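The lines below spell out each chain.
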Amino acid sequence: MDEITHTSTCASPGEIVTGNVMPILHQVRHALRDLLETGKSEVIDLRSIPMGPGEEDRLADALGQGEVQVRMSVLGPSEIIETQYPGVWLVTHYNNDSEIIGKFIEICAIPSLVMAQDEDIRAGLVQLKEQLS
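Attention in this report is confined to the structure presented alongside it. All figures in this text were calculated on a predicted structure; none of them were measured in a lab.

So, how was this worked out
- Residues numbered from 1 in each chain as written.
- Predicted model: local features only at pLDDT ≥ 70, side-chain atom pairs only at ≥ 80, totals over all residues.
- Heavy atoms only, no water.
- Buried < 20%, exposed > 50% of the residue type's maximum accessible area, 1.4 Å probe, protein only.
- Helix = DSSP H or I, 4+ residues; strand = E, 2+ residues; numbered from the N terminus.
- Arc of directions from axis to C-beta.
- Contact = heavy atoms within 4.5 Å.
- Polar contact = N/O pair within 3.5 Å; in protein donor to acceptor, adjacent residues only side chain to side chain.
- Salt bridge = Lys/Arg side-chain N within 4 Å of Asp/Glu carboxyl O.
- Core = buried A, V, L, I, M, F, W, Y, C linked by side-chain atoms within 4.5 Å.
- Pairing = 2+ DSSP bridges.
- Axes fitted to C-alpha atoms, helices over the stretch in contact; angles between N-to-C directions.

Details of helix H2 (residues 55-63)
Consideration 1: By the burial criterion, the buried members of H2 are Glu55, Glu56, Arg58, Leu59, Ala62 and Leu63. One side of H2 holds all its buried residues, which, seen down the axis, span an arc of 160°. Opposite the buried face of H2, at more than 90 degrees from it, the exposed residues are Asp57 and Asp61.
Consideration 2: Against the buried residues of H2 lie helix H1 (21-38), strand S4 (88-94) and strand S5 (100-107).
Consideration 3: Within two residues after H2, Gly64 carries a phi angle of roughly 70°, on the positive side.

Printed below as a string of structure tokens:
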């Protein structure tokens, strides 16, 4: 579980390559180990890291896709995809024009955006009580 392998693909002539895919994968590996050992979650903001054309796709391909996908509509659409590595999630937020406004890798048991908040649970309980009355 301490290794993430990735087959490198060459860039097309003239394509800018930052070389950040492998360092990000290593950062994910270390964060996943920390999650297991200490319970500490980590978020990597992919929009704050320089990436050349196609590198985000190569990163997504290296992480693969797991069994869980969540689509949400909270202040705009969001998509949460489990990677092939349990505990590693790709989280993408869109605006109403379907443009990406945020893209993250979250290393955690489950992204906090998916977890029900106490105030929402309370409101749901009140609603269910009223419906049952």
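Details of the side chain of Glu79
Consideration 1: Inspection of the secondary structure assignment puts Glu79 in strand S3 (residues 77-82).
Consideration 2: Within the structure, the side chain of Glu79 is placed 2.4 Å from the side chain of Arg71, a separation counted as a polar contact.
Consideration 3: Beyond its immediate sequence surroundings of up to four residues, Glu79 is in contact with Val70, Arg71, Leu90, Val91, Thr92 and Tyr94.

Side note on the pattern of salt bridges
Consideration 1: Counted under the stated rule, the structure contains 4 salt bridges.
Consideration 2: For Arg47, the salt bridge is made with Glu56, and the minimal N-O distance between the two is 3.7 Å.
Consideration 3: The closest approach of N and O atoms between Arg71 and Glu79, which form a salt bridge, is 2.4 Å.
Consideration 4: The class of Glu79 is buried, set by a relative accessible area of 16%.
Consideration 5: Salt bridges here are not isolated pairs; linked through shared partners, they connect Arg47, Glu56 and Lys103.

Let's talk about the nonpolar core
Consideration 1: By size, the foremost hydrophobic cluster in this structure holds 18 residues, and its most contacted members are Leu59, Leu63, Val88, Ile105 and Ile107.
Consideration 2: For this core, the elements supplying multiple residues, two or more each, are H1, H2, S4 and S5.
Consideration 3: For this core, the element with the most residues is H1, which contributes 7 residues.
Consideration 4: Beyond its immediate sequence surroundings of up to four residues, Val88 is in contact with Val28, Leu32, Leu63, Ile81, Glu82, Thr83, Ile105, Glu106 and Ile107.

Regarding the environment of Phe104
Consideration 1: Relative to the assigned elements, Phe104 resides in strand S5.
Consideration 2: Phe104 sits 24 residues away from Ile80 along the chain, and the two C-alpha atoms are 9.5 Å apart.
Consideration 3: When sequence neighbours within four positions are dropped, the list of residues in contact with Phe104 reads Val43, Ile44, Asp45, Leu46, Trp89, Leu90, Val91 and His93.

Here's the deal with the sheet that holds S5
Consideration 1: What the 5 strands build is an open sheet, ordered S1-S5-S4-S3-S2; its pairing is antiparallel. What marks the edges here is a single partner per strand, and that holds for strand S1 (42-45) and strand S2 (69-73). If you compare each strand with its neighbour and ignore which way they point, the axes differ by 20° on average.
Consideration 2: With 4 bridges connecting them, S1 and S5 associate as antiparallel partners. Counterpart to Ile44 in the pairing with S5 is Ile105.
Consideration 3: Running at roughly 50° to S5, H1 makes contact with S1, S4 and S5 of the sheet.

So, unusual backbone geometry
Consideration 1: Of note, Ser98 is a non-glycine position whose phi angle comes to about 65°, a positive value.
Consideration 2: In this fold, Ser98 is placed in the loop between S4 and S5.

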